[in-house]
Amino acid sequence: MTRTGRRRGFARCFAAGSALALTACSADAPWFSEEAKERGIDFEHRSGFDGRPMLPEMMGGGVALADLDGDADLDLYLVQSGRVDAPVTENPPNRLYLNRGDGRFDPVPDNGGAGDRGYGMGVAAGDYDNDGDVDLYVTNYGPNALLRNDGTARFTDVTAAAGVGDSSWGTAAAFLDLDVDGHLDLMVVNYLHWTPSIERDCYERAFFPTYCGPTVYDAPAMDRLYRNNGDGTFRDITLDAGLNAAFGNGLGLVGADFDNDGLTDLFVANDTTTNQLWLNRGGLRFDNEALLWGAAMDDHGIAKAGMGVAAADVDDDGDTDLLVVNLERQTDSFFRNEGAYFVDATHLVGLDVASRRYTRFGVVLADFDNDGRLDLFHANGNVQISSPSEGDGYAQPNALFRGVIEDGSVRFREVAPEGGVDAPLVHTSRGLAVGDVNGDGGLDLVVTNRDAAPYLLMNRVRRGNHVVFRVESSDGRRDMHAATARATVGGLRMSREVQPSASYLAASDPRVHFGLGESVVVRDVVVRWPGGHAEAFGDFPAGVHTLRQGEGRGRP
Amino acid sequence: MTPKGKRLAAFSVRPRRDVPREQPTHAAAPALPATKSWNRPPRAGSLPAAENPSGDPNPRVPGEAERRSRRRKIDIRVFVLGAAFAVCLAACGDAPRPTSAVGEPPMAGMDSPDEELRHYLNELTQSIRALPASGLPRGRLGMAFEANGFLAPALASYDQAAMLAPEDFRWPYFGALLAGREGRFQEALDRLESALAIDADYAPAWLWRGDWLLQLGRSEAARNAFRQAETLGAETQAAFGLALVDIAKERFADAVARLEPLAAESRSARIQRALGQAHRALGDVKAARRALARGRAPGRLEWDDPRQEQKMSHARGYASFDHAQALSSGGRARQAIPIFERLRQWHPDERCADDDSHFFTCNLLNSLGIAHARAGRLAPAIEIARQGLALRPDFAPFHVSLASHYREQRNWARALHHIDRAIALNPASGHAHAQRGRLLFAEGRQAEAKSAFETALGLEPEATTTLFYLGTVEAALENWPQAIGHFQRAVELDPDLALGHLYLARALGEDKRLDEAREALEEARAFGVPAAEINATNRRLRELASSVP
């Protein structure tokens, strides 16, 4: 073991306490194996760090898993950064890899025209023009880019024509049909108004130079909401929608129907400023109810360093809960949905101590072992260093938690070995996307790393059965983002959402995935479509199926 | 004009990374006040039940023999903890080589670029070597580690100090607080047991005990701990703790009953948030909304804890800069000034002119000036800011400070000059645009003031002071609906903005919405707007009512 590894082991033992440390040292079989290089991914992220910290260098690393060439497997798109102070033409391009069908990837020589060279941050995926293929929206420090797919994974930059070239520092983005008109609107989260000229020197307590926190610049940036006009163009409706009423240093975004009124709401996680919960009031008007709902800050009134975000019905009670990940020494915030407000139930699900150890960016709630319970994965990497070190002083291991039921309640228990992998993987991780890249029924992960190659974590855990649904529009052309599929598995009613945009800077597999454990069938499948209309589809055996709007058995 | 009754929020920052924006008007979020002194010597034989899992509301008080027995058990527990820690250290390859009964003092921070900190830690380590059997030097080293951000070595030092000075309450207590701060509540409780066995009469320890038990879901035991704190004089804090127990047990009406009197007397954001949560659970959305809006300011669950205060005297270098800034913004500017002055010796002013490493020194100088201004000494404040500008003319905070100081002197022209320079250097600062608006408003340049406030709001849409001023500008221009909108938004964001209610009442009256105006005026009265202002507004409303056909 390296010296760094021993130190981490020490820190972990120390953090866990003596008794827990003994448990933490015992290891299960690894859940994942890292196979990026052998599966054809030769990407290496470049932040441009050259000795003097510049804030954007800490934040990038977007990733998309989406079927970009229409062959029913997940392709890979990786967002490159470059140098903050260089002309964009000198930056390396974003990279596109096509899946051969078995989870092995071929790089596309010219990146299919999707090799945007902005100083890249994140990416959203969705069929904004309803032509049956998945388009991409790339956020940058600088102008963002909308890349239109021709159906064969060939892309054209249509940013200017579409009117979505926001030039702020974009981070998260999502395509969501917020007005239920059949066209995906676009929400873009911005971080702050930063330029190299306002960069400052910041220090740790013991005076080690480090990256500044966002509040140093005192310049939070307004997010943007674009309405899809239905003709390939968008209109900036930020002010009309009321989204100018509050904003912060935005990093995370997820869309879900939190108040169960049929309309998709928006949650924005802000870094050290209060979060926003934009409840959709219809007619593309939104009210920020984060304070009333109890999701603006933690129970101590602290606006934590909100980064990645995940939303899912973790406790199977029919509404969408929320998980926001934060900085080292700050707990995750698990907001349990009580119907009309959230309760900060972080300690009740066992994440109060375990989550503090590292700085978390990417976050995914997914059933990796197909036992019917959502598990949790954190992609970690610090933003501060407390002592000088060789190599990457910000690197941290990732963390995997198994979802379990204890005393009738959901809890997350950390899986050993750390991060669910055999050999320790320690980089400064950022983006995190989830999807079954080799079609074996196990959910795989892609993790991006600052100034390093990404991880492709192939699912190797012993798993239960599964069923996967593609939830699609009535014409079968596109995934119905924010639709919810509900099903009964072994007596338990579960919900899973079509939610490609969440986590941190990432787009994930839009298909919904139910782990079945020993069961071989899901019963009483009902889809709640955006707008609130519910449609019953009956029972399905384990396997992969399609749920097309209008082709069910009517109302449940 | 400054809105009376307005409490400016001290937003949370990450102190390790951040250089907080200095504002002369900042006030710290208040801790719950102490009601009695907690520094009394321990009373023999007065140890109350540490925990009562049975939920017995009258736990038995153990005698001295039982206390001794418990101490032994606790010592064993702490020993086991320490042993596990040592095993862990050894297993992880970083174990120090013990050379005395408790081993070598932990080392940290000696590779820090902070010369003052290195020097201080070295001094403390030398004093340990001079007095290897004494607990105090190790405890001091622990406090120095903690105050300067080295938490794991701090804990190890406290453990060593506790072994050498087993009668000193501080070392297990400080260790408990560190573990609690890290979320290791069970470990914190175990350590706290050791401290309480030494002194069971220190009320803050019982408050922490209640809080940690609550975090672990042991609400009955938490209730007992808060009751014990209550008997030791911490009535207000204990009542709040008991309300949290009520919330945990979903007895929301009881919680409201406990919290409302506290909320009426205290400005603690934490109390307001708890009250809001209880109202919300009872379905009273209006009351919940109001309480939660009042609870926007950050405020951890904390209380006066005099035994902890000594720790920060060990802060050095950057940590002491953080500490001095907190003192300065918390109304203790005079205490901050000597710390800033001490730091100046390690960071000479000339470095502010250095292109590679100017920021800290410039910021130090600026913070010193602000502290002088807060202490009511404008002349040295202006002199220091000017001195800073001579070294570094492009450092925007100097301009912001000078603008503020000149505004205090009602020298609008100079103030405006500096705020314009600050905006030129950082156009994205909402604060600077809002300051510009206030200066223009003071000069009677309403249209320009309006534009400046609108720019500020575009950058900081939830700045209630800016909303209030924009409302007053619109009112001055007789744009009543716009003025009403801004005042309404301001009091929605901060229900305690007393003048916001008053001006809202006036604007509503002028817009002939008299019933709403009277309602707003009642709010203003409830929030303590002086009677003369209320009466004048009432008269105006009557005039307006009589003029309505």
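Not measured: the values here are computed from a predicted model.

Visitor: What exactly am I supposed to notice about the overall build of chain A here?
Guide: Scanning chain A for helices and strands turns up five helices and 40 strands. The C-alpha atoms of chain A give a radius of gyration of 21 Å, which matches the 24 Å a tight globule of 556 residues would have. Over its C-alpha atoms, taken along the principal directions, chain A stretches across nearly 65 × 55 × 50 Å. Every one of the 556 residues in chain A was classed for burial, and the buried ones make up 66%.

Visitor: Just checking my understanding: could you explain the overall build of chain B for this structure?
Guide: For chain B, the count of helices and strands is 26 helices and zero strands. Per-residue burial over chain B gives 56% buried out of 549 residues. Here chain B displays about 22800 Å² of accessible surface, and carbon together with sulfur accounts for 53% of that area.

Visitor: Quick question: what am I supposed to make of the pairing of strand β33 (residues 484-489) of chain A here?
Guide: Residue and element names in this part refer to chain A. When you tally the buried positions in β33, you get five out of six residues, the bulk of the element. Summarising the sheet, β33 and strand β34 (residues 492-497) pair through six bridges and their orientation is antiparallel. Paired with T488 across the two strands is R493, which belongs to β34. Hairpin connection of β33 to β34: two residues between the antiparallel strands, including G490 at a positive phi of 55 degrees.

Visitor: Teacher, can you tell me more about the confidence of the model for chain B here?
Guide: One rule of thumb: low pLDDT means the predicted coordinates there are not for detailed reading. Residue and element names in this part refer to chain B. In this model, chain B carries an average pLDDT of 82, and 80% of its residues clear a pLDDT of 70 or more. For residues 1-68, every residue scores under 50 in pLDDT, and the model assigns this stretch 185 contacts once sequence neighbours within four places are set aside. Counting interchain partners and residues more than four positions distant, the pLDDT-below-50 stretch residues 78-99 has 27 contacts. Interface confidence for the predicted complex, given as ipTM, is 0.80, next to a pTM of 0.82.

Visitor: It is not clear to me how the layout of surface pockets should be interpreted in this structure. Could you clarify?
Guide: Taking a probe equal in size to a water molecule and rolling it over the atoms shows the remaining empty space. The calculated volume of the second largest pocket comes to roughly 1000 Å³. Lining the second largest pocket are 37 residues; nearest its centre among them are B:R289, B:Q488, B:V491, B:E492 and B:L493. Only β18 (286-288) and α5 (290-293) of chain A together with α12 (285-294), α23 (480-493), α24 (498-510) and α25 (514-526) of chain B provide two or more residues apiece to the lining of the second largest pocket.

Visitor: In this structure, what is going on with the environment of B:A319? I would like to understand it.
Guide: All names here are of chain B. Among the structural elements, A319 can be located in helix α14 (residues 317-329). A relative accessible area of 0% places A319 in the buried class. Between the alpha carbons of A319 and L117 there is a distance of 9.1 Å; along the sequence they are 202 residues apart.

Visitor: How do you make sense of the confidence of the model for chain A when you look at a structure like this?
Guide: In the predicted model, chain A carries a mean pLDDT of 91, and the fraction of residues at 70 or more is 94%. Segment residues 1-26 of chain A: pLDDT under 50, and 33 contacts once partners within four positions in sequence are set aside and those in other chains are kept.

Visitor: Mind showing me how you'd approach the pattern of salt bridges here?
Guide: Side-chain pairs of opposite charge can arise where the charged atoms are in close proximity. Overall, the coordinates contain 68 salt bridges over all chains when judged by the stated rule. With a shortest N-O distance of 3.8 Å, B:D511 and B:R513 are connected by a salt bridge. Here the residues in one salt-bridge network are A:R470, A:E472, A:D479, A:R548 and A:E551, joined through shared partners.

Visitor: I'm lost on the side chain of B:E474 in this one. Help?
Guide: Structurally, B:E474 can be placed in helix α22 (residues 464-476). For B:E474, the contacting residues outside a window of four places in its chain are B:K450, B:E454, B:N479, B:Q482, B:A483 and B:H486.

Visitor: Please clarify how empty space enclosed by the protein should be interpreted in this entry.
Guide: All names here are of chain A. The final tally for this structure, using the stated rule, is nine cavities of 30 Å³ or more. Taken as a whole, the largest cavity encloses approximately 420 Å³ of empty space. Contributing to the lining of the largest cavity are 27 residues, with L365, A366, V434, E497 and Q499 lying nearest its centre. Elements that contribute at least two residues to the lining of the largest cavity include exactly β19 (309-312), β23 (360-366), β34 and β37 (512-517). Partitioning the lining of the largest cavity into residue classes produces 16 nonpolar, five polar and six charged.

Calculation notes
Residues numbered from 1 in each chain as written. Chains lettered and ligands numbered in written order. Predicted model: local features only at pLDDT ≥ 70, side-chain atom pairs only at ≥ 80, totals over all residues. Heavy atoms only, no water. Helix = DSSP H or I, 4+ residues; strand = E, 2+ residues; numbered from the N terminus. Rg over C-alpha atoms; globule rule 2.2 N^0.38 Å. Buried < 20%, exposed > 50% of the residue type's maximum accessible area, 1.4 Å probe, protein only. Areas by Shrake-Rupley, 256 points an atom, 1.4 Å probe, with all protein chains shown as cover. Pairing = 2+ DSSP bridges. pLDDT = per-residue confidence, 0-100. Contact = heavy atoms within 4.5 Å. 1 Å grid on protein atoms, 1.4 Å probe; cavity = no way out; pocket = protein on both sides within 12 Å on 5 of 7 lines; lining within 4 Å. Points joined across faces, edges and corners; volume = space filled by probe spheres on them. Salt bridge = Lys/Arg side-chain N within 4 Å of Asp/Glu carboxyl O. Nonpolar A, V, L, I, M, F, W, Y, C, P; charged D, E, K, R; others polar.

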